Amino acid sequence: MAEEQLLLRRRRRVGEYFLEGLIRSSAFVVIAALVLIFVFVAKEAVPIVTSAVVHEEVTVATMMLPQPGGAFSWQPVSTVPKYSLLPLLIGTLKVTGVALLIALPIAIGGAIFTSEFAPQAMRELIKPAVELLAGIPSVVVGFFALMVLATWLQDAFDILIRLNAITAGIGLALAVIPIVYTVTEDALSAVPQAFRDGSTALGADRWQTAWRVVLPAAMPGAFAACVLGAGRAIGETMIVLMASGNAATVSLDPTQSFRSFSATIAAELGEVVQGSPHYHVLFFIGAFLFLITFLMNLAGHWYVQRLGQKLQGRSRLKAKS
Amino acid sequence: MTPLIEVRNYSAWYGTQPALGDISLDIHEGEILAVIGPAGGGKTTFLRGLNRMNDLDPGFRASGSIRLHGVELLGKDIDVAVLRRHLGMVFAVPVPFPVSVYQNLAFGPRLNGHTRDVEALAEKSLKAAYLWDEVKDRLRQSALNLSGGQQQRLCLARTLMLEPAVLLLDEPCSGLDPISTAKIEEALRELKKELTVVLVTNNVMQASRVADRTAFFLQGKLIEAGTTQQIFMNPSETMTHEYISGRFG
Amino acid sequence: MKRLIGIASWFFPSLTGLCCLLILAMVVIILGDIALHGVQRLSWEFVTAEPRVGMTEGGIFPAIFGTVLLVILMTIAVVPLGVATAIYLHEYARQQSKIVHLVRLALQNLAGVPSIVFGLFGLGFFVAFLGSGIDAVVFGGRLTYAQPCVLWASLTLAVLTLPTVVVATEEALRAVPRNYREAAYAMGATRWQVVRRVVLPQSVGGMLTGAILAISRGAGEVAPIMFTGAAYYLPYLPKKLNDQFMELGYHIYVMTTQSPDVEATKPILYSTVLVLLLVTFALNFTAIIIRSRIRRKLRST
């Protein structure tokens, strides 16, 4: 009996204990990574608010308010450095707007077609094509926009400046389409087949079913797709850096060159003196970009989750009745 | 004679849902105990309580006492991994791993770091499971190529590789053809010379064919337990009589 | 009214079909243009030779070498971490627990952080913080690791590709039937033994998919490595972890935007783009094939 007792007593397994510790801590590394990203980007941005030395050149106020003479310029390397964020904000919004204007209808339309109307063969063609599109590195898209697209657009529409918000916006749309398409398509195919059957049984045709039944049911998903796509567009760097012309203009004209937040960091961080006001301003922009995209991602995934709850809740109701 | 396993006032819940109420039952060394009753009556919960497989379910809770050789099995200091080797289990659906027949058999010994004598033990276990003649030439082939009945006997042999003191069988013949079922029953009759068997079955006839004693579970309660002959010929509860005679089930 | 509905019932579906065609057309045009122009200068010499005459002649071997080195180091860092995280999420943690929720949230958001922010992070954390720390403690303040180099660039990419590896591995873990785990537990396996001997051997494919997708993503990213280790031109190949390196994507970026004579470098540039595309697509293609096998397994169980 004593022997049995001994046999069943819990044994220490040191090796396993150690490995399990590693596995558990790895999960915390993920959380830590996200926190560290913000902390280390924000750390270099803080002097903008706190450092007297930096304040001699730039403050949060001078970045927002008009400069003497009423101008808003971004000229960080002139003898009197100027750090107005307005041209960058306008540039970012301009290119994001153009990209979304092109990407959202195409991606959502494509997703609707794929999930509601497309024959199987078409489906098997379009899905890998979208994956292929998603797999193109953004530097390649940027290259294509700069070398090919810009020339085509200039020839076709007789635009004065080769690199502008339309060129970059189309390039950016290529990066946004896969995200919006995938999330929307997921949402549409999560809608139970019974919804469609029910609608068809009431005499609706396939378009009416898609438009009046399936799309409203999948709405949070489609909305999430738009938010996630916008987040990607705001943060995307290489395409804009290569195809925007990088002139910090204050103009809403999409045929003008422009400069975005992300491209500014990419273009200037390489030549900046570490610890200089300019350096801190670039990190300040980075922290801002992080926060904006972070919030958009939170919102996007919140909507994806809500879609799941919505559809589940409905099918549970259905199961009861 | 002190029983091998003493179950006293064992109750179990999944979340807030009670699954077993106040079970007290003895299991004797060297016997085949059949547990019968309609589906959802707590047979499987009882069986999985014995080797604490239920612990894997995050919402599971149990109270009472289960003693093996006088050792409390529900205690916190019990090493469930060791316990489960003493009380080997075979499931309703055969679950061979997608590796060779031999690797399936060697899985248990390897967990313990045993590598010697595995081949001899494998042959013995396969013979005990009435499978040796059918697979002796294909030990290196994938276990998934075996028929359903063979797979289940392989799972039985795999459990025997652990050299358990008790064998817990959860409706092991539920999906099998009559010939495979007969072979497993034959194996059990031989095996009880060396170990103790608890057989959960929804096949009343199977209980009457192989069991020394039978326990009848209904809606989470133990209605009655006794020798198989007594339960089948002269049950003391009318519910038992009605179940065995097929009035419900 | 009836007629309007009739028109709508074919007009709108055709419109959505047109969207699909547009997407297809975009893919075909981009890839076609690059393949057509890129193939002209593509040769064995091109991928094995050093660049010559201000990069208008010769090959791109150093950039290929640097890219390969970069993604190998990245893989060594990201795969163990990503696989361990997936194992934690799927095998260890209680589902629906707060921690799991938090880790998933972190993963989703990590995947959405702009790549240029990863570049800032790599510079601020790895180069300036870790690098300086190592130099101060190990090298007595001598500048060794407090500078952009292949180690820091690969670690930055490892953080960026972490969600990819976790998601792919978790999908593979999900494809391992619950039954297998139960059978192993019933034979007296501990939780680690179940993971090590049943679950992991069954999910090798998923880990491989994750690694390949991460490599393909990592090989194409430029913004995170611009300030953490990539160089436009180096006369030597990187030999130590704290050497800088040439990289295909960065090479494309600099040649496209800063070349003094774009027309002269154009053929070489196109071929470089084609090489990068071929590498990433070959990797993606492999991953898609492995993944579709896993999904089939997932459906059949």
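Above this text is the structure in question.
Here is what the cut-offs are and how they apply
Residues numbered from 1 in each chain as written. Chains lettered and ligands numbered in written order. Predicted model: local features only at pLDDT ≥ 70, side-chain atom pairs only at ≥ 80, totals over all residues. Heavy atoms only, no water. Helix = DSSP H or I, 4+ residues; strand = E, 2+ residues; numbered from the N terminus. Rg over C-alpha atoms; globule rule 2.2 N^0.38 Å. Buried < 20%, exposed > 50% of the residue type's maximum accessible area, 1.4 Å probe, protein only. Contact = heavy atoms within 4.5 Å. Areas by Shrake-Rupley, 256 points an atom, 1.4 Å probe, with all protein chains shown as cover. Lys, Arg positive; Asp, Glu negative; His and termini not counted. Charge placed at Lys NZ, Arg CZ, Asp CG, Glu CD. Pairing = 2+ DSSP bridges. Axes fitted to C-alpha atoms, helices over the stretch in contact; angles between N-to-C directions. Salt bridge = Lys/Arg side-chain N within 4 Å of Asp/Glu carboxyl O. Nonpolar A, V, L, I, M, F, W, Y, C, P; charged D, E, K, R; others polar. Phe/Tyr/Trp six-rings, centres within 6.5 Å; stacked < 30°, edge-to-face > 60°. Patch = residues over 30% accessible without salt bridge, like charges linked within 9 Å, V, L, I, M, F, W, Y side chains within 5 Å. Core = buried A, V, L, I, M, F, W, Y, C linked by side-chain atoms within 4.5 Å. Polar contact = N/O pair within 3.5 Å; in protein donor to acceptor, adjacent residues only side chain to side chain. 1 Å grid on protein atoms, 1.4 Å probe; cavity = no way out; pocket = protein on both sides within 12 Å on 5 of 7 lines; lining within 4 Å. Points joined across faces, edges and corners; volume = space filled by probe spheres on them.

**Q** What is the right way to look at the overall build of chain B in this model?
**A** On a plain count of helices and strands, chain B comes out with 10 helices and 10 strands. For chain B, whose C-alpha radius of gyration is 18 Å, the value lies close to the compact-globule estimate of 18 Å for 249 residues. In terms of overall dimensions, chain B has a C-alpha envelope of 50 × 40 × 35 Å along the principal axes. Looking at chain B as a whole, 55% of its 249 residues are labelled buried. For chain B, contacts bridging at least 24 residues in sequence account for 67% of all contacts bridging at least 6. Element-wise, carbon and sulfur atoms account for 49% of the exposed surface of chain B, whose accessible area totals about 10600 Å². Distance between charge centroids for chain B: 3 Å, based on 26 positive and 28 negative side chains.

**Q** Even after reading the chapter, I still don't get the overall build of chain C, so can you show me in this structure?
**A** Helix and strand counts for chain C stand at 11 helices and two strands. The helix and strand sequence of chain C, counted from the amino end, reads α-α-β-β-α-α-α-α-α-α-α-α-α. Taking the principal axes of its C-alpha atoms as reference, chain C extends roughly 80 × 65 × 35 Å. By residue count, 58% of the 301 residues in chain C fall in the buried class. The contacts of chain C with a sequence gap of at least 6 include a subset with a gap of at least 24, amounting to 71%. With the model as given, the accessible surface of chain C reaches about 12700 Å², and the carbon-plus-sulfur share is 66%.

**Q** How should I be thinking about the sheet that holds strand β3 (residues 32-36) of chain B in this particular structure?
**A** Within a sheet, neighbouring strands are paired by backbone hydrogen bonds and run either parallel or antiparallel to one another. Residues and elements named next belong to chain B. One open sheet holds the six strands; their spatial order is β6-β7-β8-β3-β9-β10, and the pairing between them is mixed. Every interior strand has two partners, whereas the edge strands, β6 (87-90) and β10 (221-227), have only one. Between one strand and the next, the sheet's axes are offset by a mean angle of 15°, whatever the strand orientation. In this sheet, strand β8 (residues 196-200) lies alongside β3 in parallel orientation, the contact comprising four bridges. Of the residues in β8, the one forming a bridge with L33 is V198. This element, helix α6 (residues 148-160), spans β6 and β7 (166-170) of the sheet and lies at about 170° to β6.

**Q** Hey, could you run me through unusual backbone geometry in this one?
**A** One can expect most non-glycine residues to show negative phi and most peptide bonds to be in trans. Unusually for a residue other than glycine, R52 of chain B sits at a positive phi of about 55°. Under the relative-accessibility criterion, R52 of chain B is labelled buried at 11%.

**Q** Honestly, the interface of chain C and chain A in this entry has me stumped. Any pointers?
**A** Note on interface size: it is often stated as the accessible area lost on association of the parts. If you look at the interface, chain C gives 78 residues, while chain A gives 74 residues. Summed over the shared surface of chain C and chain A, the result is one salt bridge. Secondary-structure elements contributing two or more residues to the side of chain C that touches chain A are α1 (2-38), α3 (61-92), α4 (98-112), α5 (115-138), α6 (150-174), α8 (191-202), α10 (248-258) and α11 (262-300) of chain C. Looking at the side of chain C that touches chain A residue by residue, the class counts come to 56 nonpolar, 18 polar and four charged.

**Q** How should I be thinking about the packing of aromatic side chains in this particular structure?
**A** The relative placement of two aromatic rings is captured by the distance of their centres and the angle of their planes. Scanning the model with the defined rule gives 31 aromatic pairs over all chains in all. Seen from their ring centres, F290 of chain A and F294 of chain A are 5.8 Å apart, and the 15° between their planes marks the pair as stacked. Residue F290 of chain A and its partner F294 of chain A are located together in helix α15 (residues 277-320), separated by four residues, close to a single helical turn. Note on F290 of chain A: relative accessible area 4%, which makes it buried. For the pair Y14 of chain B and F60 of chain B, a centre-to-centre distance of 5.4 Å together with 55° between the ring planes defines the contact as tilted.

**Q** Explain the pattern of salt bridges to me, please; I cannot follow it from the model alone.
**A** Any two side chains of opposite charge can pair, on the condition that their charged atoms come close. Residue and element names in this part refer to chain B. Taken as a whole and assessed by the stated rule, the structure comprises 22 salt bridges over all chains. Note that R8 is salt-bridged to E6, the shortest N-O span being 4.0 Å. When its relative accessible area of 31% is taken as the criterion, R8 is described as partly exposed. On the basis of relative accessibility, which here comes to 24%, the residue E6 falls in the partly exposed class.

**Q** Mind showing me how you'd approach the environment of I239 of chain A here?
**A** As for its placement among the helices and strands, I239 of chain A is situated in helix α13 (residues 238-243). C-alpha of I239 of chain A to C-alpha of A299 of chain A: the two residues are 60 residues apart in sequence and 25 Å apart in space.

**Q** Any chance you could explain a nonpolar patch on the surface here in plain terms?
**A** Residue and element names in this part refer to chain C. Where nonpolar side chains cluster on the molecular surface, the patch consists of I7, W10, F11, F12, L15, L18 and L21 and spans about 660 Å² of accessible area. Along the polypeptide, F11 turns up in helix α1. Owing to a relative accessible area of 37%, F11 belongs among the partly exposed residues under this scheme.

**Q** So what exactly am I meant to see when it comes to helix α1 (residues 43-50) of chain B here?
**A** Side chains three or four residues apart in an α-helix point the same way, a direct result of the helix having 3.6 residues per turn. Residue and element names in this part refer to chain B. Taken across its eight residues, α1 has seven buried, putting it largely inside the fold. Taken as a whole, α1 has its buried residues at K43, T45, F46, L47, R48, G49 and L50. Once α1 finishes, R52 follows within two positions and takes phi at roughly 55°, a positive value.

**Q** What is the right way to read the nonpolar core from this model?
**A** For soluble globular proteins, nonpolar side chains are generally found buried alongside one another. Within the largest apolar cluster, 243 residues are counted, with the highest numbers of intra-cluster contacts made by I5 and L50 of chain B. The leading source of residues in this core is α3 of chain C, at 15 residues. Apart from the residues lying within four places of it in its own chain, the contact partners of I5 of chain B are L25, D26, I27, L50, I66, R67, L68, L87 and V166 of chain B. Counting residues in each nonpolar core, the second largest holds 46 residues, with I36, W132, V197 and A211 of chain B among its members.

**Q** Would you mind showing me how to read the environment of T92 of chain A here?
**A** All names here are of chain A. When you line up the elements, T92 lands in helix α6 (residues 86-117). As for T92 and R259, which are separated by 167 residues in sequence, their C-alpha atoms are 7.0 Å apart. When residues no more than four places from it in sequence are discounted, the contact partners of T92 are I234, R259, S260 and F261. In this structure the side chain of T92 is engaged in a polar contact, spanning 3.0 Å, whose partner is the backbone nitrogen of F261.

**Q** Explanation requested: the layout of surface pockets in the structure shown.
**A** Gaps between atoms show up when a probe of the same size as a water molecule is rolled over them. In this structure, the second largest pocket occupies an estimated 1500 Å³ of space. Lining the second largest pocket are 42 residues, with D55 and L56 of chain B together with E91, Y185 and R191 of chain C positioned closest to its centre. When residues in the lining of the second largest pocket are grouped by element, the largest group, six residues, is from helix α2 (residues 14-45) of chain A. Across the lining of the second largest pocket, the residue classes break down as 17 nonpolar, five polar and 20 charged.

**Q** Honestly, the sheet that holds strand β5 (residues 71-72) of chain B in this entry has me stumped. Any pointers?
**A** All names here are of chain B. Strand order in this open sheet of four strands is β2-β1-β4-β5, and the pairing throughout is antiparallel. With one partner strand each, in any of the chains shown, β2 (17-27) and β5 form the two edges of the open sheet. Note: strand β1 (residues 5-14) against β2, seven bridges, orientation antiparallel. Bridge pairing in β2 places Y14 opposite Q17.

**Q** How do you make sense of the side chain of T16 of chain C when you look at a structure like this?
**A** Following the sequence through the fold, T16 of chain C ends up in helix α1. One polar contact links the side chain of T16 of chain C to the main-chain carbonyl oxygen of P13 of chain C, over a distance of 2.6 Å. Setting aside its immediate chain neighbours within four residues, T16 of chain C contacts G109, G110, I112, F113, F117 and W207 of chain A.

**Q** Sorry, what's going on with the pairing of β1 of chain B here?
**A** The side chains of a regular strand alternate between both faces of the sheet. Residues and elements named next belong to chain B. Counted along the chain from β1 to the antiparallel partner β2, the turn is two residues long, and its residue G15 has a positive phi close to 65°. With eight bridges connecting them, β1 and strand β4 (residues 60-68) associate as antiparallel partners. From the neighbouring strand, V7 faces β4, where its bridge partner is I66.

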